[in-house]
Amino acid sequence: MTPEEVISSYLVEHNFRVVFWPALGDQKGPKEKDWPRQPKALADYRPGDRVGIVTGVEVSPGKFLVDVDIDWAPGYQIAAAFLPRTDFIYGRASKRVSHCLYTLQEALACTQYKDPVDGQMLLEVRGAKDDGTPGFQSMAPPSVWSKDDKREPLE
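Residues numbered from 1 in each chain as written. Predicted model: local features only at pLDDT ≥ 70, side-chain atom pairs only at ≥ 80, totals over all residues. Heavy atoms only, no water.

Chemist: Residues and numbers for the overall build of the chain, please.
Modeler: Secondary structure assignment for the chain yields two helices and 11 strands. In sequence order, the secondary structure elements of the chain are arranged as α-β-β-β-β-α-β-β-β-β-β-β-β. Radius of gyration (C-alpha) of the chain: 15 Å, near the 15 Å computed for a compact globule of 155 residues. Scored against the burial criterion, the 155 residues of the chain give a buried share of 41%. (Helix = DSSP H or I, 4+ residues; strand = E, 2+ residues; numbered from the N terminus. Rg over C-alpha atoms; globule rule 2.2 N^0.38 Å. Buried < 20%, exposed > 50% of the residue type's maximum accessible area, 1.4 Å probe, protein only.)

Structure representation (structure tokens):
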């Protein structure tokens, strides 16, 4: 699929709210003011932009989007054992299962689970802000993630 076809499926098939920002270094999200409240259309996408799926929003009546972001590589095995099955999973070549998307009956506040020893993020349940409004996003395909001179397409 082309990047435009992927984004169109987010918008049309899944009714996701998306955001775009230029692919600069390791920037993982948009910096513009009030980005969670500025709906984007396919026409706003520029080739090479990073794409984010906004979490904590109602994608259909009574269904609010949540992303389980698995940062700890072995966490995939734990997630597979404990999380409900979902057909919306994505990652990258080095970690195929990084994001598992679900819908819940109400907006769920973001919760982070960090290693108590070194403070590294293990898993984040990314939904809404504490006040129930959207304020988080998950970088999604067709984005290319750059870090430490490595470029990995999300897939």
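Back to the text.
Chemist: Just give me the short version of helix α1 (residues 3-13), but keep the residues and values in it.
Modeler: Among all positions in α1, only V6, I7, S9 and Y10 are buried. Down the axis of α1, the buried side of the element spans an arc of 150 degrees, and every buried residue falls inside it. Among the exposed residues of α1, those oriented more than 90 degrees off its buried face are V12 and E13. Close packing links the buried residues of α1 with β1 (18-21), β2 (50-55) and β9 (136-140). A positive phi of about 60 degrees marks N15, the residue just after α1. (Arc of directions from axis to C-beta. Contact = heavy atoms within 4.5 Å.)

Chemist: Just give me the short version of the nonpolar core, but keep the residues and values in it.
Modeler: In terms of nonpolar packing, the biggest core is built from 22 residues, with Y10, F16, I53, F88 and L101 touching the most fellow members. For this core, the elements supplying multiple residues, two or more each, are α1, β1, β2 and β9. Sorting elements by how many residues they give to this core places β1 first, with four residues. Contacts of Y10, omitting those with residues within four sequence positions, involve N15, F16, V18, V51, I53, F88, A140 and P141. (Core = buried A, V, L, I, M, F, W, Y, C linked by side-chain atoms within 4.5 Å.)

Chemist: An account of the pairing of strand β4 (residues 63-70) is requested, with residue identities and associated values reported.
Modeler: Among the eight residues of β4, seven are classified as buried, and the element is accordingly described as predominantly covered. Examined bridge by bridge, strand β3 (residues 58-60) and β4 share two bridges and lie antiparallel to one another. If you follow E58 over to β4, its bridge partner there is F64. In this structure, the hairpin formed by β3 and β4 is closed by a connection of two residues, where G62 is found at a positive phi of approximately 75 degrees. The sheet contact formed by β4 and strand β6 (residues 95-104) spans six bridges and is antiparallel. Bridging from a neighbouring strand, V68 pairs with C100 of β6. Taken together, the four bridges between β4 and strand β8 (residues 121-126) define a ladder with antiparallel strand orientation. Within β8, the residue paired with V68 across the bridge is V125. (Pairing = 2+ DSSP bridges.)

Chemist: An account of the pattern of salt bridges is needed here, citing residue identities and associated values.
Modeler: When the charged atoms of two side chains lie near each other, side chains of opposite charge can form a pair. The tally for this structure, following the rule as stated, stands at five salt bridges. Salt-bridge contacts for K40 lead to E32; the nearest nitrogen and oxygen are separated by 3.3 Å. Accessibility expressed as a relative area gives 22% for K40, which makes it partly exposed. With a shortest N-O distance of 3.2 Å, D87 and R85 are connected by a salt bridge. For the pair D87 and R85, one class covers both residues: exposed. Through salt bridges that share partners, D67, D69, E124 and R126 make up one connected network. (Salt bridge = Lys/Arg side-chain N within 4 Å of Asp/Glu carboxyl O.)

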